[in-house]
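Close look at the chain arrangement
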Amino acid sequence: MNNELNSAYSGSHIIPAHLAIRAMRDSGYRNTAYALSEIIDNAVQAGADLVKVICLEETVAVNQRNRRRIKEIGVFDNGSGMPPDILRMALQFGNGTHLQDRSGIGRFGMGLPNSSISQGRRVDVWTWQNGPANAMHCYLDVDEIETGHLREVPEPTHQEVPEEWQARSCSLSTTGTLVVWSKFDEERLTWKGARATLDNTETLVGRMYRKFISQGILRLRLVAIEENNPVEENSPVIERDARVNDPLYLMAPSSTPAPFDNSPMFQRWGEDDHVVEVEFKGIKYPVTIRASWAKPETLPEDGKDRGSKPYGKHAAKNIGLSIVRAGRELDLDPAWSISYEPTERWWGLEIEFPPDLDEVFGVTNNKQAATTFSHMAGFDWRDMAEPGESLTDFKRRMEEEGDPRAGLIDIVTYIQTQLPLIRTNLGNQTKGRRSGRNRHEPTVEDRASTKFKERVESGHEMPSDREEFDENAERGLVKDLVNTKKYPETAAKEIAADVRQRGRKVILVEMSSEMDAFFSVEQQPGITQVAINRSHPAYDLLVKALDDDTSQASDRTLVERIQNASEALKMLLAAWARQEIEDIPNREKLRRMRMDWGRMARDFLLDE
């Protein structure tokens, strides 16, 4: 009996090979483009300045209809190539030559095997240091691993790069590597066809390697070929270079739609980058923070919402904080943005740090996130501080406790102070504009002005009603809007011109004020201004929530906005009720004001 037990356990593994390989295949790559980026990382680490991604398509029958499907994906590079021992090591999980190397974008030793089998059941690698005819070949095959036929990475063998792949590459350098994925499980490929795969890959790698591409350090070539068409007789279906996709919109040329394809769409926030030194193991490392915000030129002259423009839709796909490690983006983290705000697309923010700080930022082994930093998006040190503890004391305590977040507090604090300022400036850009409204369509100001005139005609004329809005009054209004309300001059002039041309007697404007009032009433020659206070909580819950562009908002977001606005209105009424209760000397006066205002509100709200 004991012999039987010993025999049974002698062949037992903690993790059987067939289960281990399945776990490795589910290693968390977000999509095919992210998996391909791992192969590109290896090429860049090997000194390549040209990487070519080739999708080979075939025609297959799907539900009795012919469909184009990816058969193989090959990635060429002109890097330094690998000797046989390094090639074999590169196909081992968790091994590699850069495990302790902090000088480049590699390090974790999981990229090639993990990314490859996450998409297909087989990966073949050819690498050469003396021409493709002298290449060394090695492979991994999931089927062979699961059946036990492949227990170790095979010994690399001399094998020339296949002729068909040499033809697809057009020309191969003296040194380089070719990685070919095949035997795809269709459910694992994010996109089934070559065009969708390459389009989405360009969006990702154009953003991920934007600094390399923009500086001319790297050229990424995207190619799609139909299997039944000989390369020498037919041009590829797709063949183009990946374009820069800069979420800060400061680089040009880029993939941003016209008119911002050849000039930056955003402007820098601040004159210089902000640098924070983070100490780790006794050494201080620089972390660079840079920000940007939309140029005024992004506002269409037709008065329509800029978010509906092609470049606005492009920006909607680049919302978040870009986390960059050694020049290569790890993630565009949306946790730092307000998900329901369409205006969030009009700012850009980037932090860049060296690989030496991987542990501090919490970089994952697939280089898709910096988890420790991302979790600090809503961080407020006051919530964790002890009674009476200052920020300096709090940081010191975290450092003594070995909390890696201690080194990130200054970075997070800076970001949290700058983002509100950026948002305020973006809000000022669009003051006075009526997105998507026909210029000749009556506005709230037009309808309210009509009600003002009706009050005069019914015998309620006031001295201000007799004042004319002449050229001097127009200049005065522009000056007030620019200097006091902080409107852009172009918007201020547009508002003043509309007052004269449309005979308005009242306008609703916005301003930021420390006063407690939700709004103020300001009388100027020929015009009454109702100035809504942007700093009052009611502004965000009522005016902004209901007045902002909703063309890109989800149904859930729209419902939440309406519910919040409804609750905010009820809270305002409750606040008035409490005011009547507490102000005993003026209670009767407040009651009469409520009744009088209610009657006037009824008249204003009821159209003829």
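Not measured: the values here are computed from a predicted model.

Description of the environment of A252
Within the fold, A252 resides in the loop between β8 (238-241) and β9 (266-268). In the structure, A252 is positioned 38 residues away from S214 in sequence and 8.0 Å away in space, judged by C-alpha atoms. Once residues within four sequence positions are removed from consideration, A252 is found in contact with N262, S263 and P264.

Regarding unusual backbone geometry
For the bond running from A252 to P253, omega is 0°, close enough to zero to count as cis. Position of P253 relative to the elements: it lies in the loop between β8 and β9. That bond from A258 to P259 is cis: its omega, 5°, falls within 30 degrees of zero. In this structure, P259 sits in the loop between β8 and β9. Of note in the backbone geometry, A326 takes a positive phi value of approximately 55° without being a glycine. Look at A326 and you get partly exposed, because its relative accessible area is 27%.

Considering the confidence of the model for the protein
Low-pLDDT portions of the prediction should not be read for the details of their coordinates. Taken as a whole, the protein shows an average pLDDT of 87; of its residues, 89% reach a score of 70 or greater. Within the model, pLDDT remains below 50 along residues 1-10, and this stretch shows zero contacts once partners closer than five positions in the same chain are excluded.

Here we look at the pattern of salt bridges
A complete count under the given rule lists 56 salt bridges for this structure. For the salt bridge of R210 with E329, the shortest nitrogen-to-oxygen distance reads 3.1 Å. Note that R210 is positioned in helix α9 (residues 210-214) and E329 in strand β13 (residues 328-333), a separation of 119 residues in sequence. Overall, R210 belongs to the buried group, its relative accessible area being 1%. Residues participating in the shared-partner salt-bridge network are R207, R210, K211, D246, R268, D273, R290, E329, E350 and E352.

Focus: helix α3 (residues 32-45)
Here α3 spans 20 Å end to end across 14 residues, near enough to the 20 Å set by a 1.5 Å rise per residue. For α3, the capping residue at the N-terminal end is N31, with a side-chain oxygen 3.0 Å from the backbone nitrogen of A33. Taken from the residues just after α3, G47 is the one with a positive phi, measuring 85°.

Brief notes about the sheet that holds strand β17 (residues 527-533)
Taken together, the three strands give an open sheet; going across it, the order is β15-β17-β16, and neighbouring strands pair in mixed fashion. A strand with exactly one partner marks an edge of an open sheet, and here the two such strands are β15 (506-511) and β16 (519-524). Neighbouring strand axes in the sheet, compared pairwise and without regard to direction, differ in orientation by 25° on average. Sheet topology places β16 next to β17; six bridges connect them, and they run antiparallel. In the sheet register, Q523 faces β17, and the bridge partner there is T528. In the packing of helix α16 (residues 444-457) onto the sheet, the strands contacted are β15 and β17, and the crossing angle to β15 comes to about 135°.

About the criteria used
Throughout, residues of each chain are indexed from 1 in the direction in which the sequence is written. Only residues with pLDDT of 70 or above have their local features reported here, since the model is predicted, and side-chain atom pairs are shown and tallied only from 80 upward, although totals for entire chains, interfaces and linings are computed over all residues. The side-chain numbers reported here are obtained from all heavy atoms of the structure, hydrogens and water having been left aside. Labels follow the DSSP assignment, with helices taken as runs of H or I lasting at least four residues and strands as runs of E lasting at least two, numbered in each case from the N terminus. We call two residues in contact whenever any of their non-hydrogen atoms come within 4.5 Å of each other. Exposed residues in this analysis have more than 50% of their type's maximum accessible area, buried residues have under 20%, and partly exposed residues fall in between, with area computed by a 1.4 Å probe over protein chains only. Values of pLDDT, ranging from 0 to 100, describe the predictor's confidence in every residue of the model. Salt bridges are defined by distance alone: a side-chain nitrogen of Lys or Arg within 4 Å of a carboxyl oxygen of Asp or Glu. Under the convention used throughout, the expected extent of a helix is 1.5 Å for every residue step, that is, one less than its residue count. In protein, a polar contact means a hydrogen-donor-capable atom and an acceptor-capable atom, both N or O and within 3.5 Å, with residues adjacent in sequence counting only if both atoms are side-chain atoms; elsewhere, any N or O pair within 3.5 Å suffices. Should DSSP find at least two bridges between two strands, the strands are taken to pair. Note on definitions: angles span 0 to 180 degrees between N-to-C directions of axes, and those axes are lines fitted to C-alpha atoms, for helices only across the stretch in contact.

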